[in-house]
Amino acid sequence: MTHTISPESRAAWRAPALGARRELTLPQGTLTVFDSGSGDPVVFVHGLLVNANLWRRVVPALAGEFRCVAIDLPFGSHTTAMPGADLSAPGLAQLVIQAIEKLDLGPVTLVGNDSGGAVSQLVVAARPDLVARLVLTSCDAYENFPPPFFDYVGLAARTPGALASLALSLRIRAIRRLPIAYGWLARGPIDRAVSDSYALPVGTKAIREDVRRAIRGLDSQYTLAAAKTFADFKKPVLLAWSAGDRFFPDRYAERLAAEFPDARIEWIRDSRTFSPEDQPEQLTSAIRVFLDATRAETQH
């Protein structure tokens with residue numbers, strides 16, 4: 001007998017390698033996180049229309065030495081809706097802050113990708129005391145939030161019925177490989193189970209309403225304001241940037257490196273924006289070297 005896995009189950013699937021699933025009750029609602037390992041805490045923040053599965057190939061390589069917490073932010077690929085929550089970029093940063101406080105983790109190494117990197121910058125600006133180190137992979141910054149190519153996503157969030165149509169199209173796996181979906185964010189096809197977990201949740205009306213608010217809350221005014229605080233953040237920063245990224249050009253990594261007082265760049269080769277998908281070994285190695293070096297520096 002063949003058992004068909006329901007879309008709901010496929011939407012909710014998370015890689016076992018991420019660790020134990022935990023539901024955090026926060027002022028704005030329930031936030032799901034995945035907790036693995038022990039030691040100095042490392043918190044992973046993903047971007048729009050993906051979830052904690054983005055980090056499934058990075059967490060296991062670090063969890064032997066560090067406590068790794070991957071957050072499922074309400075960015076459209078989550079499964080627990082947050083009706084009424086402030087899901088603007090500052091609101092999402094507050095969710096990360098509240099999760100760190102709820103788990104009593106701080107100060108943490110904060111790792112962000114894509115729009116999650118912008119959220120991470122806002123966390124650093126609002127609560128630098130909670131961040132011991134910052135790792136930014138290719139991500140939004142300054143006036144590039146969101147990148148101009150994704151203006152159509154903002155239009156969809158403002159157009160009645162458009163997000164529902166987008167959600168319907170994402171049920172077709174071939175569509176997900178197009179540039180308007182994930183095609184220019186990862187070099188190769190994303191694992192089917194992971195791709196389903198990214199694309200299917202937005203088919204639910206409550207999740208769609210969350211992501212509508214999140215998309216409408218992406219605005220460069222927030223990243224430009226956060227950038228004014230970078231000179232005051234004296235802790236170590238790693239820019240593990242995908243060289244030649246289509247959406248986040250190298251000049252943004254170089255600009256960030258110039259503005260943070262203690263920053264270094266590690267170029268991730270043969271990768272698009274989703275370096276945790278394309279080059280997890282390169283990325284993990286860069287993070288591990290950074291963590292080992294900066295821990296050694298603080299001990300002297």
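Each remark here, short or long, concerns the structure printed above.
Basis of the calculations
- Residues numbered from 1 in each chain as written.
- Predicted model: local features only at pLDDT ≥ 70, side-chain atom pairs only at ≥ 80, totals over all residues.
- Heavy atoms only, no water.
- Buried < 20%, exposed > 50% of the residue type's maximum accessible area, 1.4 Å probe, protein only.
- Helix = DSSP H or I, 4+ residues; strand = E, 2+ residues; numbered from the N terminus.
- Arc of directions from axis to C-beta.
- Contact = heavy atoms within 4.5 Å.
- Polar contact = N/O pair within 3.5 Å; in protein donor to acceptor, adjacent residues only side chain to side chain.
- 1 Å grid on protein atoms, 1.4 Å probe; cavity = no way out; pocket = protein on both sides within 12 Å on 5 of 7 lines; lining within 4 Å.
- Points joined across faces, edges and corners; volume = space filled by probe spheres on them.
- Axes fitted to C-alpha atoms, helices over the stretch in contact; angles between N-to-C directions.
- Parallel < 35°, antiparallel > 145°, perpendicular 65-115°, else oblique.
- Nonpolar A, V, L, I, M, F, W, Y, C, P; charged D, E, K, R; others polar.
- Pairing = 2+ DSSP bridges.
- Right-handed = clockwise from strand over helix to strand, strands pointing away.

### Quick notes on helix 10 (residues 220–227)
Step number 1: Residues of helix 10 that are buried include every one of Thr 223, Ala 226 and Ala 227, and no others. Buried residues in helix 10, looked at end-on, bunch into an arc of 105 degrees, giving them a common side.
Step number 2: Along its buried surface, helix 10 packs onto helix 4 (115–126) and helix 11 (250–259).
Step number 3: Two or three places before Gln 221, at the opening of helix 10, Asp 219 has a side-chain oxygen 2.9 Å from that residue's backbone nitrogen.

### What about empty space enclosed by the protein?
Step number 1: In the structure shown here, the tally under the stated rule is 2 cavities of 30 Å³ or more.
Step number 2: A volume near 40 Å³ is recorded for the largest cavity.
Step number 3: Lining the largest cavity, in full, are Thr 30, Leu 31, Thr 32, Asp 72, Leu 73, Pro 74, His 78, Thr 79, Thr 80 and Met 82.
Step number 4: Ranked by residues supplied to the lining of the largest cavity, first place goes to strand 2 (residues 29–36) with 3 residues.

### What to know about the side chain of Gln 98
Step number 1: The residue Gln 98 is located in helix 3 (residues 89–102) in this model.
Step number 2: Gln 98 sits in the buried class, given a relative accessible area of 15%.
Step number 3: In this structure, Gln 98 is in contact with Leu 26, Pro 27 and Gln 28, ignoring residues within four places of it in sequence.

### A look at the packing of helix 3 against helix 4
Step number 1: As a packed pair, helix 3 and helix 4 sit with axes 8 Å apart at the nearest point and diverge in direction by 70 degrees. Here helix 3 is positioned roughly perpendicular relative to helix 4, judged by the angle of their axes. Contact residues: Ala 89, Pro 90, Leu 92, Ala 93, Gln 94, Val 96 and Ile 97 in helix 3; Val 119, Leu 122, Val 123 and Ala 126 in helix 4.
Step number 2: Across the contact of helix 3 with helix 4, the residue classes break down as 10 nonpolar, 1 polar and no charged.

### Describing the pairing of strand 7 (residues 237–242)
Step number 1: Burial within strand 7 is extensive, with 6 of its 6 residues counted as buried.
Step number 2: What you see with strand 7 is no split at all: Val 237, Leu 239 and Trp 241 on one side and Leu 238, Ala 240 and Ser 242 on the other are buried throughout.
Step number 3: Bridging between strand 6 (residues 131–139) and strand 7 involves 4 bridges; their strand directions are parallel. In the strand pairing of strand 7, Leu 134 is matched with Val 237.
Step number 4: Looking at chain direction, strand 7 and strand 8 (residues 263–268) are connected through 6 bridges and run parallel. Following the sheet pairing, Ser 242 is matched in strand 8 by Ile 268.
Step number 5: Crossover strand 7 to strand 8 through helix 11 is right-handed.

Any functional reading would require information that these geometric values do not contain.
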